[in-house]
Amino acid sequence: MIEINNVTKDFAGKKRAVDQLNLTIPDGKIIGFLGPNGAGKSTTIKMMTGILPIDQGTISLNGFDIEKNAMDAKKIFGYVPDRPDMFLRLKGIDYLNFIGDIYNIPTEIRRKRITKLTQLFSIDHALGDYIQTYSHGMRQKIIVTGVLIHEPEIWILDEPLTGLDPKSAYTLKEMMREHANKGKTVFFSSHGLEVVEQLCDEVAIINNGKLLFYGSLDDMRKQYESNQSLEQVFLELTNNE
Ligand SMILES: Nc1ncnc2c1ncn2[C@@H]1O[C@H](COP(=O)(O)OP(=O)(O)OP(=O)(O)O)[C@@H](O)[C@H]1O
């Protein structure tokens, strides 16, 4: 479970990026985080993962405060950033072993997980190449693999499906469902309303750093015109801001 309590973030000289955000992300469900460009999604995710300091409020992951208890909090989540351009000077296999070392994954288990995941994502042939030479989608897949090999309880994914080919996107969506079905937390941001409609149990919609809606698609249909699609509700909510 992720608890975001009254969280605010300002960047110097800009309008407020995240504005008194309250959101409780439960276990056992896939939660989609939606909002127009610049709404505050990545800023929220960067505060959840301890990358950006929180100006006001608190965030806890399975009870661990991300600022006061950062080491414990950081052990239990995996994060896929919106731009996968990291560790470019490492070969794919060296990056995965680096993650395996950090999380103390025994060699044999590590080897099995790396083989399985990289075959599923069709990047097994490229593990000996430098990440610099990878396409955007391949970089995305090696980062996702790095997250999945340490089997974190909480998945925080910033636009994880962007740039993935249909088979890899399908594989990742299936894994997200399996993880939620095990009673774990899956939180991801997306611009793909169809994917969110198809995959998510609940959605959180923000704009200008403020939460506009949080609930299931059924709740949304009850609250708005029952025949409206997520796209129509999304446009209505975010246009009125
Ligand atoms: N490092 C930064 N310095 C200054 N302003 C920033 C910084 N990061 C984000 N912002 C501003 O904060 C606001 C929220 O940005 P954020 O990246 O969180 O939006 P987003 O919802 O993830 O957008 P997108 O869908 O385009 O990725 C924007 O106005 C953005 O310009």
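Worth saying up front: this structure is predicted, and the values here are computed from it rather than measured.

Rules used in this analysis
Residues numbered from 1 in each chain as written. Predicted model: local features only at pLDDT ≥ 70, side-chain atom pairs only at ≥ 80, totals over all residues. Buried ≥ 20, exposed ≤ 12 C-beta atoms within 10 Å, placed from the backbone. Helix = DSSP H or I, 4+ residues; strand = E, 2+ residues; numbered from the N terminus. Contact = placed C-beta atoms within 7 Å. Near = placed C-beta within 6 Å. Nonpolar A, V, L, I, M, F, W, Y, C, P; charged D, E, K, R; others polar. Core = buried A, V, L, I, M, F, W, Y, C linked by C-beta atoms within 7 Å. Domains from an automatic or database assignment. pLDDT = per-residue confidence, 0-100. Pairing = 2+ DSSP bridges. Axes fitted to C-alpha atoms, helices over the stretch in contact; angles between N-to-C directions. Arc of directions from axis to C-beta.

Trainee: Explanation requested: helix H3 (residues 92–102) in the structure shown.
Mentor: Along an α-helix, a turn takes 3.6 residues, which lines up residues three or four apart on a common side. For H3, every residue scored as buried is listed here: Gly92, Tyr95, Leu96, Asn97, Ile99 and Gly100. Of the surrounding secondary structure, the elements contacted by the buried residues of H3 are helix H4 (107–120) and helix H5 (136–148). Backbone geometry just after H3 places Asn104 at a positive phi near 55 degrees.

Trainee: Got a minute to help me understand the site of the ligand in this structure?
Mentor: Surveying the vicinity of the ligand reveals the residues Phe11, Lys14, Ala17, Gly35, Asn37, Gly38, Ala39, Gly40, Lys41, Ser42, Thr43 and Asp82. A class-by-class count of the residues in the shell around the ligand yields 3 nonpolar, 6 polar and 3 charged.

Trainee: Would you mind going over the nonpolar core with me for this structure?
Mentor: One recurring pattern in soluble globular proteins: nonpolar side chains tend to sit buried together. Membership of the largest hydrophobic core comes to 59 residues, with the highest contact counts inside it found for Ile31, Ile156, Val186 and Phe187. Two domains share this core, each providing at least three of its residues, namely domain 1 (1–76 + 157–241) and domain 2 (81–152). When sequence neighbours within four positions are dropped, the list of residues in contact with Val186 reads Ile30, Ile31, Trp155, Met176, His179 and Ala180.

Trainee: So what exactly am I meant to see when it comes to the confidence of the model for the protein chain here?
Mentor: In low-pLDDT regions, the fine details of the predicted coordinates are not to be read closely. Per-chain confidence: the protein chain averages 93 in pLDDT, with 98% of residues scoring 70 or above. Overall fold confidence (pTM) sits at 0.93, and the ipTM for the predicted complex is 0.97.

Trainee: It is not clear to me how the sheet that holds strand S3 (residues 30–34) should be interpreted in this structure. Could you clarify?
Mentor: The pairing of strands in a sheet comes from backbone hydrogen bonds and takes either a parallel or an antiparallel form. The 6 strands are arranged S6-S7-S8-S3-S9-S10 in an open sheet whose pairing can be described as mixed. Pairing within the sheet leaves two strands with one partner each, and these edge strands are strand S6 (77–80) and strand S10 (210–216). Neighbour to neighbour, the strand axes of the sheet diverge by 15 degrees on average, direction disregarded. Across the sheet, helix H9 (residues 230–239) touches S3, strand S9 (202–207) and S10, and the angle it forms with S9 is around 30 degrees.

Trainee: Help me understand the domain arrangement of the protein chain in this model?
Mentor: Accessible area lost upon the coming together of the parts is a frequently used measure of interface size. The domain architecture assigned to the protein chain consists of domain 1 (1–76 + 157–241) and domain 2 (81–152). Taking only C-alpha atoms, the centre of domain 1 and the centre of domain 2 are 25 Å apart. Listed per partner, the contact involves 11 residues of domain 1 and 11 residues of domain 2. In terms of residues, the side of domain 1 that touches domain 2 owes the most to one element, helix H6 (residues 166–181), which gives 3 residues. Residue composition of the side of domain 1 that touches domain 2, grouped by class: 4 nonpolar, 4 polar and 3 charged.

Trainee: Looking at this structure, I do not really get the pairing of strand S8 (residues 185–189). What am I missing?
Mentor: For a regular strand, side chains alternate in direction, first toward one face of the sheet and then toward the other. Burial within S8 is extensive, with 5 of its 5 residues counted as buried. The alternating pattern of S8 places Thr185, Phe187 and Ser189 and Val186 and Phe188 on opposite faces, both of which are buried. As paired strands, S3 and S8 are joined by 4 bridges and run parallel to one another. From the neighbouring strand, Ile31 faces S8, where its bridge partner is Phe187. As judged from the 5 bridges shared by strand S7 (residues 154–158) and S8, these two strands associate in the parallel manner. By the bridge assignment, Leu157 is partnered in S8 with Phe188.

Trainee: Teacher, can you tell me more about the sheet that holds strand S4 (residues 56–61) here?
Mentor: In spatial order, the strands read S2-S1-S4-S5; together these 4 strands make up an open sheet with antiparallel pairing. Only two strands of the sheet have a single partner each, and these edge strands are strand S2 (18–25) and strand S5 (64–65). Direction of pairing for strand S1 (residues 2–9) relative to S4: antiparallel, over a ladder of 5 bridges. Across the sheet, Glu3 pairs through a bridge with Ser60, a residue of S4. In the packing of helix H1 (residues 41–48) onto the sheet, the strands contacted are S1, S2 and S4, and the crossing angle to S1 comes to about 120 degrees.

Trainee: Help me understand the pairing of S4 in this model?
Mentor: Of the strand pairs in this sheet, S4 and S5 are connected by 2 bridges, and their pairing is antiparallel. Of the residues in S5, the one forming a bridge with Leu61 is Phe64. Between the end of S4 and the start of S5, which pair antiparallel, lie 2 residues, with Asn62 showing a positive phi angle near 45 degrees.

Trainee: Sorry, what's going on with H9 here?
Mentor: Three or more residues of H9 are buried, namely Leu230, Val233 and Phe234. Buried residues of H9, viewed axially, fall in a sector of 100 degrees; they line one side. Opposite the packed face of H9, turned more than 90 degrees from it, sit the exposed residues Glu231 and Asn239. On its buried face, H9 sits against S3, helix H7 (193–199), S9 and helix H8 (217–223).

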